[in-house]
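Here's the letter readout for the chains.
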Amino acid sequence: MKREIIPYIGITGFTNRHDVREVLEAKSPWLMRKIMVGILASSRTINGETNSHPNRYPTPGQMGNIFEDHPNALNLVHFSTKNREGLFEEMVRAFNLAGPYCHGLQLNIAWPDPSVLGFFKTKAYPVTIVLQIGAGAFEMIGHSPQRLADKIEKEYKHFIDYILLDPSGGTGKPFVPEKMRRYLQALEMKQMPIGLGVAGGVSPSTLNPLVAPLVKEFHNLSFDVETEVRDKDDHLVPRLAISVVRKAGCLFEYGAH
């Protein structure tokens, strides 16, 4: 039986619940999408170390007080690590630190061990899992849409709910829609019960040139925003995040028809 995958509008890098509430309340009730509320975490920050982007990464003590129990929200910890041997334990710790309203994890890891994902998803925590395909992951499959789709189908399709194609990896570098289309087409051909999303340089001003051309073909496309909704001191700006949500609402309601 095919799982129902609800597409989302993602805002990543929240560090307090006030900003989360402000953005969630901006979603129109007729927009049939979730707002993906993203908290950034790494193997270092979940152990109390400071990230090089301290205004994006909450401390372990802050993580449990950010997510809101809200019907519009898909609450995810975006987790990165280089500790492949300890991946399961770190996933458990990141998920538990995020508190009772956390719905799952996005793994910002280049091709994590599928057996670890399988055990986490089917035996430990049957929660939402997003697999980010970042610059390193693209490089490892030779930037081949077919190889990416084949690898997902063979190794990951039973253990993930969404794929996020994100060649920028949080740097704000815009993706090329035509290149992204080829990856999305290869993935759609597999007819897997997995939601598809894109990220990289999306902002209120670039939503139309970057996302709109893809939505016409991929109506249930999700997307994520991070760098382009922050100020010069790297704090999230709710006003910019709300602008993305509202413009996306217009795009998804009218632009895909």
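Residues numbered from 1 in each chain as written. Predicted model: local features only at pLDDT ≥ 70, side-chain atom pairs only at ≥ 80, totals over all residues. Heavy atoms only, no water.

Moving on, we get to the overall build of the chain. Helices and strands together make up the secondary structure of the chain, namely 10 helices and eight strands. Taken over the C-alpha trace, the chain has a radius of gyration of 17 Å; the compact-globule value for 257 residues is 18 Å, and the two agree within 12%. Dimensions of the chain, computed from C-alpha atoms along their principal axes, come out at roughly 45 × 40 × 35 Å. When the 257 residues of the chain are sorted by exposure, 56% land in the buried category. Counted over contacts in the chain with a minimum sequence separation of 6, partners at least 24 positions apart contribute 78%. In the chain, which carries 29 positive and 27 negative side-chain charges, the distance between the mean positions of the two groups comes to 3 Å. (Helix = DSSP H or I, 4+ residues; strand = E, 2+ residues; numbered from the N terminus. Rg over C-alpha atoms; globule rule 2.2 N^0.38 Å. Buried < 20%, exposed > 50% of the residue type's maximum accessible area, 1.4 Å probe, protein only. Contact = heavy atoms within 4.5 Å. Lys, Arg positive; Asp, Glu negative; His and termini not counted. Charge placed at Lys NZ, Arg CZ, Asp CG, Glu CD.)

Next up on the list: the side chain of D234. Structurally, D234 can be placed in the loop between β8 (222–225) and α10 (238–255). Ignoring sequence-local partners within four residues, the contact set of D234 consists of H53, N55 and R56.

Let us now look at the nonpolar core. Core analysis: the largest hydrophobic core is formed by 78 residues, its most contacted members being V77, I133, L148, I152, L165 and F223. If one sorts the elements of this core by residue count, α10 sits on top with seven residues. Setting aside its immediate chain neighbours within four residues, I152 contacts W111, L131, I133, K157, I160, I163, L187, M192 and I194. Membership of the second largest hydrophobic core comes to eight residues, among which are Y8, M36, L74 and Y162. (Core = buried A, V, L, I, M, F, W, Y, C linked by side-chain atoms within 4.5 Å.)

Ordered in space as β1-β2-β3-β4-β5-β6-β7-β8, the eight strands form a closed barrel in which the pairing is parallel. In this sheet, neighbouring strand axes are inclined to one another by 25 degrees on average, regardless of whether the strands run parallel or antiparallel. Here four bridges tie strand β3 (residues 73–80) to strand β4 (residues 104–107), and the two strands are oriented parallel to one another. In the sheet register, V77 faces β4, and the bridge partner there is L105. (Pairing = 2+ DSSP bridges. Axes fitted to C-alpha atoms, helices over the stretch in contact; angles between N-to-C directions.)

Packing of helix α3 (residues 87–97) against helix α4 (residues 114–124) brings their axes to within 9 Å, and their N-to-C directions diverge by 45 degrees. In this view, α3 runs oblique relative to α4, as classed from their interaxial angle. Considering the relative orientation of α3 and α4, their crossing is right-handed. Contact residues: α3 offers L87, F88, M91, V92 and F95, while α4 offers V116, L117, F119, F120 and A124. Within the contact of α3 with α4, the residues separate by chemical class into 10 nonpolar, no polar and no charged. (Parallel < 35°, antiparallel > 145°, perpendicular 65-115°, else oblique. Left-handed = near helix turned anticlockwise from the far one by under 90°. Nonpolar A, V, L, I, M, F, W, Y, C, P; charged D, E, K, R; others polar.)

Distances and angles like these do not, on their own, reveal function.
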